Amino acid sequence: GAGVSQSPSNKVTEKGKDVELRCDPISGHTALYWYRQRLGQGLEFLIYFQGNSAPDKSGLPSDRFSAERTGESVSTLTIQRTQQEDSAVYLCASSPRQVYNEQFFGPGTRLTVL
Amino acid sequence: AQSVAQPEDQVNVAEGNPLTVKCTYSVSGNPYLFWYVQYPNRGLQFLLKYITGDNLVKGSYGFEAEFNKSQTSFHLKKPSALVSDSALYFCAVHNFNKFYFGSGTKLNVKP
């Protein structure tokens, strides 16, 4: 079946504009994660969704960042009033319901804030 | 606090030689450990995981990793490296519904 997909693959925006990134997880995967990967660095956890439970937002770096997920399907990550330091690759991953299953990653969205 | 350390930014090996990519961790409770690989211009792919049981786990592409509780380590190994193994490798620990990733180690395998 299809893997995790993300759109757009690349996004160039001007400082101060809002952006919305989309993630389509693998069908049936109840867990969904967003990460940020700055150039040459590791993955930084942003937010975690598990089914209909309240999301774990503890990794969101500021109130400019927010994310939503509709049930167990699509998720959107929104960054308001983008700053140059927001430039990074944003990765989405999904995982089955069972605990401690590996994550399946999407190809990422490369965000460049000018 | 949960954390993962990959002490080497880069590892260079010759093709055919054994390789080791190091990972140490700090978690409360039992660790659930993972290795992922990121090939150039591609997404992260799962390699292997340790949940419980045998300390030596085998994964994709001939990789294996050894869980060492006393040293809090989970080093990735392969007996004979291939040029195609050149990529960025990430160690991760899963704890309380979150994954904590190391900073990554770039593996360069030279022909």
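Up top is the structure.
As a starting point, this report considers the structure included with it. Every value quoted in this text rests on a predicted model; they were computed, and no experiment measured them.

## A few points about the overall build of chain A
Part 1 of the argument: When helices and strands are tallied, chain A shows zero helices and ten strands.
Part 2 of the argument: Starting at the N terminus, the α and β elements of chain A follow one another as β-β-β-β-β-β-β-β-β-β.
Part 3 of the argument: Here chain A has a C-alpha radius of gyration of 13 Å; the compact-globule value for 114 residues is 13 Å, and the two agree.
Part 4 of the argument: Overall, the C-alpha framework of chain A stretches about 40 × 25 × 25 Å when taken along its three principal axes.
Part 5 of the argument: Within chain A, the fraction of its 114 residues that count as buried is 50%.
Part 6 of the argument: Summarising the internal contacts of chain A: among those between residues at least 6 apart in sequence, 54% fall at separations of at least 24.

## A closer look at unusual backbone geometry
Part 1 of the argument: The amide bond that connects Ser 7 of chain A to the next residue, Pro 8 of chain A, takes the cis arrangement and shows omega of -10 degrees.
Part 2 of the argument: Summarising the element assignment, Pro 8 of chain A is placed in the loop between β1 (5-7) and β2 (10-13).
Part 3 of the argument: Positive phi outside glycine occurs at Tyr 61 of chain B, with the angle close to 60 degrees.
Part 4 of the argument: Look at Thr 72 of chain B: it is not a glycine, yet its phi comes out positive at around 45 degrees.
Part 5 of the argument: As for its position among the elements, Thr 72 of chain B is in the loop between β8 (64-68) and β9 (73-78).

## Things to note about the state of the cysteines
Residue and element names in this part refer to chain A.
Part 1 of the argument: One pass over the structure, following the stated rule, counts two disulfides over all chains.
Part 2 of the argument: In this model Cys 23 forms its disulfide with Cys 92; the gap between the sulfur atoms is 1.8 Å. When the S-S torsion is -65 degrees, as for the bridge of Cys 23 with Cys 92, the disulfide is left-handed. Of the two residues, Cys 23 sits in strand β3 (residues 19-24) while Cys 92 sits in strand β8 (residues 88-95), which places them 69 residues apart along the sequence. Each member of the pair, Cys 23 as well as Cys 92, is classed as buried.

Here is what the cut-offs are and how they apply
Sequence order as written defines residue numbering, which begins from 1 separately in each chain. Lettering of chains starts at A and numbering of ligands starts at 1, both following the order in which they are written. For this predicted model, a pLDDT threshold of at least 70 governs which residues receive local features, and a threshold of 80 or more governs which side-chain atom pairs are given and counted, while totals over whole chains, interfaces and linings are taken from all residues. Side-chain metrics rest on all non-hydrogen atoms present in the structure, leaving aside hydrogens and water. The helix and strand labels rest on DSSP assignments: H or I over at least four residues marks a helix, E over at least two residues marks a strand, and numbering proceeds from the N terminus. Computation of the radius of gyration draws on C-alpha atoms, with the globule rule given as 2.2 Å multiplied by the number of residues to the power 0.38. Relative accessible area decides the class of each residue, using a 1.4 Å probe on protein chains only: under 20% of the type maximum gives buried, over 50% gives exposed, and in between gives partly exposed. Contact between two residues is taken to exist if any of their heavy atoms lie within 4.5 Å; hydrogens are not considered. Only a pair of cysteine sulfur atoms within 2.5 Å qualifies as a disulfide here.

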